[in-house]
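# Summary of the model geometry
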Amino acid sequence: MLNQLLDKKYLSAEECEIYSRHILLDNIGITGQIRIKNAKVLCVGAGALASPSLLYLAAAGIGSIGIIDSDKVEKSNLQRQILYTYANLEESKVNAAKHRLKALNPFCNINIYNEKLSYKNAPDIILPYDMVLDSTDNFEARYIISKLCHQLHKIHIYGAVQGFEGQISVFNYKNGPNYYDLYPEFINKRIMSCKERGILGFLPGVVGILQAIETIKIITGIGNILSGYLLIYNVLSMSLRKVKIRHFRLKSNSGFYTKKIQQANSSISHISQEELRKILKNRTISILLIDIRNRNEFVDKHIELSNNIPLQKMKNVKTIKYLKLRSYTQNLIVYCDNESRSLAAFHILRKHNIKSRVLSGGIDDWIK
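The rules behind these values
Residues numbered from 1 in each chain as written. Predicted model: local features only at pLDDT ≥ 70, side-chain atom pairs only at ≥ 80, totals over all residues. Heavy atoms only, no water. Helix = DSSP H or I, 4+ residues; strand = E, 2+ residues; numbered from the N terminus. Buried < 20%, exposed > 50% of the residue type's maximum accessible area, 1.4 Å probe, protein only. Pairing = 2+ DSSP bridges. Right-handed = clockwise from strand over helix to strand, strands pointing away.

### Digging into unusual backbone geometry
Phi is positive for glutamate 90, which is not a glycine, with a value near 75°. Topologically, glutamate 90 is positioned in the loop between strand E2 (64–68) and helix H5 (93–104). Overall, glutamate 90 belongs to the exposed group, its relative accessible area being 56%. The backbone of lysine 174 sits at a positive phi, close to 50°, despite the residue not being glycine. Inspection of the secondary structure puts lysine 174 in the loop between strand E6 (165–171) and helix H8 (179–182). Of the residues examined, lysine 174 reaches a relative accessible area of 68% and is grouped as exposed.

### Focus: the environment of arginine 142
Inspection of the secondary structure puts arginine 142 in helix H7 (residues 139–152). The buried category is assigned to arginine 142, whose relative accessible area is 2%. Separated by 37 residues in sequence, arginine 142 and tyrosine 179 have C-alpha atoms that sit 8.4 Å apart.

### Thoughts on the pairing of strand E5 (residues 155–162)
Judged by how many residues are buried, E5 sits mostly within the fold: eight of eight residues are covered. Neither face of E5 is left uncovered, since the one carrying Ile155, Ile157, Gly159 and Val161 and the one carrying His156, Tyr158, Ala160 and Gln162 both have all their residues buried. Relative to E5, strand E4 (residues 131–134) runs parallel, the two being bridged by four bridges. Residue pairing across strands places aspartate 134 opposite tyrosine 158, the latter belonging to E5. One crossover worth recording links E4 to the parallel E5 by way of H7, and it is right-handed. Two strands pair when backbone bridges link them, and E5 and E6 are joined in this way by seven bridges, in the antiparallel orientation. Note on E6: the bridge partner recorded for glycine 159 is isoleucine 168. In sequence, E5 turns back onto E6 through a hairpin of two residues, with glycine 163 there showing a positive phi of about 60°.

By themselves these figures say nothing about function.
Structure representation (structure tokens):
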């Protein structure tokens, strides 16, 4: 339960009318609704998972909601990101989200951060909030959330979706398991972004609502919290199953996260932007430059002379055989936008004893 010492000890007559169906519930009532009003929730990402979460949390009366995202609304978002409409195209997601949520509930204070979460800005952004809704499909951001929630003693409500399956859990709740207990390696990327694999539009709606439900349960102190378990929802089989998460104790500020990241990064062979430019200019060695992004991303922009092999095809038997054969005579270099997918590709290739290198900074740095 959050906010045991209540700052705002009243609800206005209009608020009582808006939240009357909550107030009628014995285990919420006026006190529970005031706790909801006092709560401060940060949502990292303003996409498919965040859309239903933010709508329902604002409607439920969360007093202060923070939203951090650096993206703009695109047409491909509208299939699942129900916060937005055609009128919002090319508008920053956080601005569009704020206007929509304020229209839904003017009593909800909305703070927006039109930027990407990083180790530099995360402490200041996360600190004022009680809990963090993990609504991102960015693995770097997810590990930042996990680390900072552990250090700052914040609750981490995790959600992820891929294809026809979604996951949800509550981390760092009453000294319970952390995201690192579920995916201990920095390079573990079993759940890919919807850009890479596709997503059934309804799925993040279900998972996002479940995240919102866990948020309200934690704030009001009702029900059993999904801490220590991973809930897996499959649309095709219409099944829900809970998997227990193995937990080991972490000492605060133990350096565990830094050590994990260093271990993962030290095992990866990188090539710098400068070194690759020299190779391409002077043709000093034979290389096979592999762009592992989707075809549409590759067509939009790519490094000259590169080959497009999307990450989802990397495990294909024919692809592995082809790359193994090429690796005997050429140096394999993989790249994506900013290394996130490249790390997964590197470890797939290494598993098959195929040597490769990852382009530092990816194509994002290449075209700067």
